[in-house]
Amino acid sequence: MSKSLIIAEQSEIIRKGLVYIAEAIGIFRSVREVACSSALMDHIERYQPDVLIINPGMVSIENLENLKEQNKGDLKIAAVVYALFDDDLLNAFDDVIMVGDTRQKIQRKIHALLDKTPPRKASRPENTLSARELDVLKLLVKGLSNKEISDKLFISTHTVISHRKNITHKLNIKSVAGLTVYAILNEIISMEEVQ
Amino acid sequence: MQDLIISGKMKMADIINHDKRALVLMPRFGIELGFGDQTVKEICADKGIDTDFFILMVNVFLNPGYFPDRKLKNLDVDMLLLYLENSHKYYLEEKIPYLENLLEEFKNSVDHPVTGQLEKFFTQYIDEVKDHLAYEDHTAFPYVAALSEQIRKKQLDLSGIDYNIGVFEERHDNIEEKLSDLKSLLIKYFPTSNDRYIRIRLLNELMDFEEDLINHARIEDKVLIPIVAQLEQKIS
Ligand SMILES: [Fe+2]
Ligand SMILES: [Fe+2]
C-alpha cells in the first residue's frame, strides 16, 4: 500500500466509480479526486502521485508533456475516455481506460501502469498503401482471384489475403467494386483496364 | 442524445421530438401524423395496434441494447410480418428511388469518368438489396404466415411445408455492409463536385438508410427468428 493515485474527472459518477475500482486493488495508500482542471496542477505538485487517471478533456497535450517531463517517468498517466479524442492526444498517455471497460480490465491496466516495463503504445494507423498492397489492389480490381494474384506476384494466397485485409482496413472499403472506384479515383489503375 | 425507452403513457409527439428516427416508423404501423397530444396507448387503441407490440418494436429499433425476451411470448406474428413488409415497401417505393435520384444528381455534378463505375457499384448494390427483400417477401415471410395460420386453425400439420426458420437464419446476411464502402468513397475519396450540397444530401440519406437497415435486420434476427422458432417448437 505504498502508491498514490489521483483521479481527475468532471463527472462525479465516473470519478467515484474509478475510485471504487482503484481502491479495490489494494495497492494505493491514497486515492485523491480532482473535479476541475484548475486544481489539477496544484494537486499533482502537492501529492506527487505515482499514477494519474485523467479525462483528456481536462488537459492539453503541452501540459501533459510538461508533466511527464517534470516527473521523469515516475508519473504514469492514463486517460479515461468516453468521447472521441484526437489520436495524437491519446497517444501521449501511457494507457487509455474506456468507460465501458470491465472492472477487471481497468484493474489490469492500472497494474500494468505500475509495472516497470514501458506500456505498449497504441500505434497510429497508417492509411497509405504499401507498394505490395498497391500491386495486390491493381490485380484485384482487374478481377483476378486470390489464387491468380498469388501466382502473378509469387506470394502465397495466405499473404494475398492478409494484404487484402490490410487494404480494406486502411481504406475502409470492403468490396472489390468499391475498391475499383477508389483505384480509378487515385489513378492506381485506368478506366480502360477495368472495363 | 440519450437513449429513449418508450412507454404507453408517453406522448407520441414527444417521442418523435426526442428521437427523429421514430418518425419513419409511423407509416410502418399505419399511423399518420397530426395526432395532437395523444399518447402511444391512445393512438394504438385508435389504430387497432397492440400497444405492447408497438412499444417493443420502437424500443428495439431505437436501442441496440434493448431486448426483453419476456415480452416475445405473446407477440402477434402477423402484426410483426405486416410491420416488416411495410418497412420493405418503404425501402422499395420511397427510399431506394430517392437514393437513385440523388446519386444521379451527384453523378451529374462530378466531372470525372469514374462516376460510371460508381453507378455500376450502386446499381449492383441495390440489386442485392432487392434480392434480399424479395427472398423475404416471397419465401421467408409467406412461410411464417402459413405457419401462423395453421396454428390459428389448430391444424398443426407441417408436412406440406419444406422450410423452417433455421434456413432463413442461416442465409440472412448484412445488406448494409456495402453501404459503408460507398460512404468511405464519398467522404474521403471522391473529387470535389460542382454542387457541394448534393454530396452532403446523398451521404445523409445513405447513412440514414444504413441505420434503418441495421435496425430492421436486428428486428428480423432478434424478434422474428426467435418467435418463429418458438412456434415451430410448439408444433413439433
Ligand atoms: Fe427484411
Ligand atoms: Fe433482412
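Coordinates for the structure precede this section.
Below is a short write-up of the structure.

### Focus: the overall build of chain A
Then comes step 1: A count of helices and strands for chain A gives 10 helices and 5 strands.
Then comes step 2: Radius of gyration (C-alpha) of chain A: 23 Å, far over the 16 Å computed for a compact globule of 195 residues.
Then comes step 3: By principal-axis analysis of the C-alpha atoms, chain A measures approximately 70 × 30 × 30 Å.
Then comes step 4: The buried share of chain A, taken over its 195 residues, is 42%.
Then comes step 5: Nonlocal contacts in chain A, meaning residues at least 24 apart in sequence, comprise 63% of its contacts between residues at least 6 apart.

### Brief notes about the environment of H88(B)
Residues and elements named next belong to chain B.
Then comes step 1: Within the element layout of this structure, H88 appears in helix α5 (residues 77-109).
Then comes step 2: For the pair H88 and A134, spaced 46 residues apart in the sequence, the C-alpha separation amounts to 9.0 Å.
Then comes step 3: Among all residues touching H88, those that are not within four sequence positions of it are L133, E136, D137, F141, H216 and E220.

### Considerations on the coordination of the iron ion (ligand 1)
For a metal with four donors in a tetrahedral arrangement, the ideal angle between donors is 109.5 degrees, while six donors in an octahedron ideally sit at 90 or 180 degrees.
All names here are of chain B.
Then comes step 1: With distances of 1.9 to 2.2 Å, the protein atoms coordinating the iron ion (ligand 1) are H88 (NE2), E136 (OE), H216 (NE2) and E220 (OE).
Then comes step 2: One can describe the site at the iron ion (ligand 1) as irregular: its 4 donor atoms subtend angles covering 85 to 174 degrees at the metal.
Then comes step 3: The sequence pattern describing where the donors of the iron ion (ligand 1) fall on their chain is H-x47-E-x79-H-x3-E.
Then comes step 4: A spacing of 3.2 Å is found between the iron ion (ligand 1) and the iron ion (ligand 2), which share E136 as a donor.

### Here's the deal with the coordination of the iron ion (ligand 2)
Residues and elements named next belong to chain B.
Then comes step 1: The coordination sphere of the iron ion (ligand 2), as far as protein atoms go, consists of H132 (NE2), E136 (OE), H172 (NE2) and E220 (OE), spread over 2.0 to 2.2 Å.
Then comes step 2: One can describe the site at the iron ion (ligand 2) as irregular: its 4 donor atoms subtend angles covering 81 to 175 degrees at the metal.
Then comes step 3: Written as a sequence motif, the donor residues of the iron ion (ligand 2) are H-x3-E-x35-H-x47-E.

### What about the pattern of salt bridges?
Then comes step 1: Summed over all chains, the structure comprises 20 salt bridges over all chains.
Then comes step 2: Here R201(B) ties to E105(B) by a salt bridge, and the two come within 3.8 Å at their closest N and O atoms. With R201(B) in helix α9 (residues 196-235) and E105(B) in helix α5, this residue pair connects regions lying 96 residues apart in the sequence.
Then comes step 3: One connected set of salt bridges, linked through shared partners, spans R15(A), K16(A) and E33(A).

### As for the interface of chain B and chain A
Then comes step 1: Listed per partner, the contact involves 17 residues of chain B and 17 residues of chain A.
Then comes step 2: Between chain B and chain A, the buried area comes to about 1400 Å², and carbon and sulfur atoms account for 65% of it.
Then comes step 3: Among the residues of chain B in contact with chain A, Q117(B), D181(B) and Y189(B) are the three that bury the most area, contributing 40% of the side total.
Then comes step 4: Counting every contact that joins chain B to chain A gives 0 salt bridges.
Then comes step 5: For the interface between chain B and chain A, the tally reads 4 residue pairs in polar contact (both at pLDDT 80 or more).
Then comes step 6: Only α6 (115-152) and α8 (177-189) of chain B provide two or more residues apiece to the side of chain B that touches chain A.
Then comes step 7: Per-element accounting of the side of chain B that touches chain A gives the leading share, 8 residues, to α8(B).
Then comes step 8: Residues belonging to the side of chain B that touches chain A are distributed by class as follows: 8 nonpolar, 5 polar and 4 charged.

Reading guide: rules and limits
Residues numbered from 1 in each chain as written. Chains lettered and ligands numbered in written order. Predicted model: local features only at pLDDT ≥ 70, side-chain atom pairs only at ≥ 80, totals over all residues. Heavy atoms only, no water. Helix = DSSP H or I, 4+ residues; strand = E, 2+ residues; numbered from the N terminus. Rg over C-alpha atoms; globule rule 2.2 N^0.38 Å. Buried < 20%, exposed > 50% of the residue type's maximum accessible area, 1.4 Å probe, protein only. Contact = heavy atoms within 4.5 Å. Donors = N, O, S within 2.8 Å, 3.2 Å for Na, K, Ca; no water. Tetrahedral: all angles 85-135°; square planar, octahedral: opposite > 155°, others 65-115°. Salt bridge = Lys/Arg side-chain N within 4 Å of Asp/Glu carboxyl O. Buried area = accessible area lost by both parts, 1.4 Å probe. Polar contact = N/O pair within 3.5 Å; in protein donor to acceptor, adjacent residues only side chain to side chain. Nonpolar A, V, L, I, M, F, W, Y, C, P; charged D, E, K, R; others polar.

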